[in-house]
Amino acid sequence: METDLTQGVTEYWLRLPSKYKHKLSQIRVWKTVRMVTDMDDVWVRGISPNQLNSEEIRSIPFKKIYFQHENALFLLGGNLPEERLKTALLWSPIDKALPAEMPDYNFNYFGVDEKIQFNIVPSSIERSAKAQIVDLTMLDAIIPTMPSIRLQPIEWTLLDDKALLIGTPLLSIPGKTFWQQQQFLLPTGYDFEYPELSSYFNKIINQNSNDYIIVNTDNTYYNVPKDKFKKLTISGYRLSR
Amino acid sequence: MNTKNNILQTIHHLRTSGQFVLYTNKPKVTSAELNDLGDFLEQEYENEILNYPFEAPKFNREAAIWGAKMIYFAAQFLAHRLEEPKDLNKYFEDFKGELSPSSCLSADVSLRFLPYIIKELETIDFDDWLIKILAKHLQKFQYSAIGHELELEINEEILVKLFQDNCFKTLYTDRVIAKKDISLTEHKIIHENVAIHLGEHSNHFWSAFVSEV
């Protein structure tokens, strides 16, 4: 029987003629991606399925996308193996393989006071939500009816008249959802304007590194200490209400 | 707490530390002792229902004390026994009350430890009379035996009746999932409820569970 070979594929490979190597610069910040040069081509691996359809990948010209099945590489959408698995290559992180060149120091530059705004922008990369903010009136009704297995992975804390729940899979109830990026909880559908600066922002905002930073869609944020979170149980919920 | 009250001591110890206090003299209980025991069990039950979903059924004193007596005698006879098999029955009377969510949950306060004792008895002597007696009683209170592979017969009609109580239904299904008792899910009513509990996350929580029948 015919089966979909791409099922269960966790990473995709990308092949690009060496002379277009510079087109890869936009994915240079992706931490999971590794790269190697083989003859006239560069190979990139570690592209996750949800990154595959992102703007960054789609806008790279002259590329070929492969996926791995057993010991062969298949062209995306193809059913016949195209290449043997590259085993003898020395992979390096993409940001090492594509070093960025610093411009020469500009002695006449006076813009040192300029600042970068901490912004989030709508993103096309899909990730699974990790947290949600729910009205307490909603929780009052739903918590006592929840199977315990669904409550087990969840931790919670109170934010005024709302509750913040963290843990996957989330409870299936209406609420504002967030996904996690390091210690940041970004509204789902958004990403940093400059993802490469996220660890830098994290260092500044999150001095003791023990907080979650919850970012609103209007770019404001607030901290919630991690030790404020408690396991979600029916009894714990009843006692705190 | 009255330190002379053997059965209360035993159950208290069992509930707080998971250990048994055993006595070598012939086990017997007085009604005053049982009264104290009932108070203690009620307190424990009240603590537990905080974590029960929906509205928990009322405490059933009779069932709780009956369950405690079962486990008390079973444990005593596990360690030390002078009685002939035929005399054992008088220690393990049938439960006379009605089988309801309330009595199942109240008895479970102590009865949930009984399968462990049955396991111990089986390792000592597989043909022990006591095992048959205990298994017979546990047959009714299956909620306490979930996950222990005691091969009890499931009566779906009784379950349908008990499952009319949302609290009991949720607890029962929760326990099947928590203990991953796959053999129980062969029964349609249990399977249905487990499928509802796991929703679309059955792969994540319990990969052995197949949601389509």
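For clarity, every value in this text was computed on a predicted model and none was experimentally measured.

### Examining the environment of B:H13
All names here are of chain B. Mapped onto the elements, H13 comes out in helix α1 (residues 6-17). Residue class for H13 comes out partly exposed when judged on the 13 C-beta atoms lying within 10 Å of it. Those residues in contact with H13 that sit more than four places away from it in its chain are Q19, F20 and V21.

### Remarks on the sheet that holds strand β3 (residues 41-47) of chain A
Residues and elements named next belong to chain A. If you trace the seven strands from one edge of the open sheet to the other, you get β6-β5-β4-β1-β3-β2-β7, paired in antiparallel fashion. The sheet terminates laterally at β6 (81-84) and β7 (92-93), the two strands that pair on one side only. For strand β2 (residues 34-38) and β3, the ladder comprises five bridges, and the chain directions are antiparallel. Note that in β3 the partner of D38 across the bridge is D41.

### Some thoughts on the interface of chain A and chain B
The interface of chain A with chain B comprises twelve residues on the first partner and 13 residues on the second. For the side of chain A that touches chain B, the secondary-structure elements that each account for two or more residues are α5 (148-151) and α7 (234-240) of chain A. In terms of residue count, the dominant contributor to the side of chain A that touches chain B is α7(A) (four residues). Within the side of chain A that touches chain B, the residues separate by chemical class into seven nonpolar, four polar and one charged.

### A short note on the nonpolar core
Membership of the largest hydrophobic core comes to 73 residues, with the highest contact counts inside it found for A:L165, B:A64, B:A68, B:I71 and B:A74. Sorting elements by how many residues they give to this core places helix α3 (residues 61-79) of chain B first, with twelve residues. Beyond its immediate sequence surroundings of up to four residues, B:A64 is in contact with B:G38, B:L41, B:Y45, B:F59, B:S106, B:A107 and B:V109. Of all hydrophobic cores here, the second largest spans 18 residues; its members include A:I27, A:I47, A:L73 and A:I94.

### Some details on the UniProt feature "domain: MoxR-vWA-beta-propeller ternary system" (unreviewed entry) in chain A
In the numbering used here, UniProt assigns the "domain: MoxR-vWA-beta-propeller ternary system" (unreviewed entry) feature to residues 14-239 of chain A. Secondary structure content for residues 14-239 of chain A is 16% helix and 33% strand, and the end C-alpha separation is 54 Å.

### Considering the domain arrangement of chain A
All names here are of chain A. If you check the domain split of chain A, you get domain 1 (12-97) and domain 2 (121-240). Centre-to-centre, using C-alpha coordinates, domain 1 lies 34 Å away from domain 2. Counting residues at the interface gives five residues for domain 1, matched by six residues for domain 2. Grouping the constituent residues of the side of domain 1 that touches domain 2 by class yields one nonpolar, three polar and one charged.

### Points about unusual backbone geometry
Across residues other than glycine, the phi torsion is negative in most instances, and most of the peptide bonds are trans. Cis geometry is found at the peptide bond from A:T168 to A:P169, where omega equals -10°. By secondary structure assignment, the location of A:P169 is in the loop between β11 (162-166) and β12 (176-181). Phi is positive for A:D160, close to 50°, though the residue is something other than glycine. Its place among the elements puts A:D160 in the loop between β10 (155-159) and β11. The exposure class of A:D160 is exposed, given the 6 C-beta atoms found within 10 Å. In this model, B:E149 sits at a positive phi of 50°, which is unusual for a non-glycine residue. Positionally, B:E149 belongs in the loop between α7 (129-140) and α8 (156-162). Assessed through the 13 C-beta atoms surrounding it within 10 Å, B:E149 is described here as partly exposed.

Scoring rules and cut-offs
Residues numbered from 1 in each chain as written. Chains lettered and ligands numbered in written order. Predicted model: local features only at pLDDT ≥ 70, side-chain atom pairs only at ≥ 80, totals over all residues. Helix = DSSP H or I, 4+ residues; strand = E, 2+ residues; numbered from the N terminus. Buried ≥ 20, exposed ≤ 12 C-beta atoms within 10 Å, placed from the backbone. Contact = placed C-beta atoms within 7 Å. Pairing = 2+ DSSP bridges. Nonpolar A, V, L, I, M, F, W, Y, C, P; charged D, E, K, R; others polar. Core = buried A, V, L, I, M, F, W, Y, C linked by C-beta atoms within 7 Å. UniProt positions renumbered as here; feature names shortened; annotations may be inferred. Domains from an automatic or database assignment.

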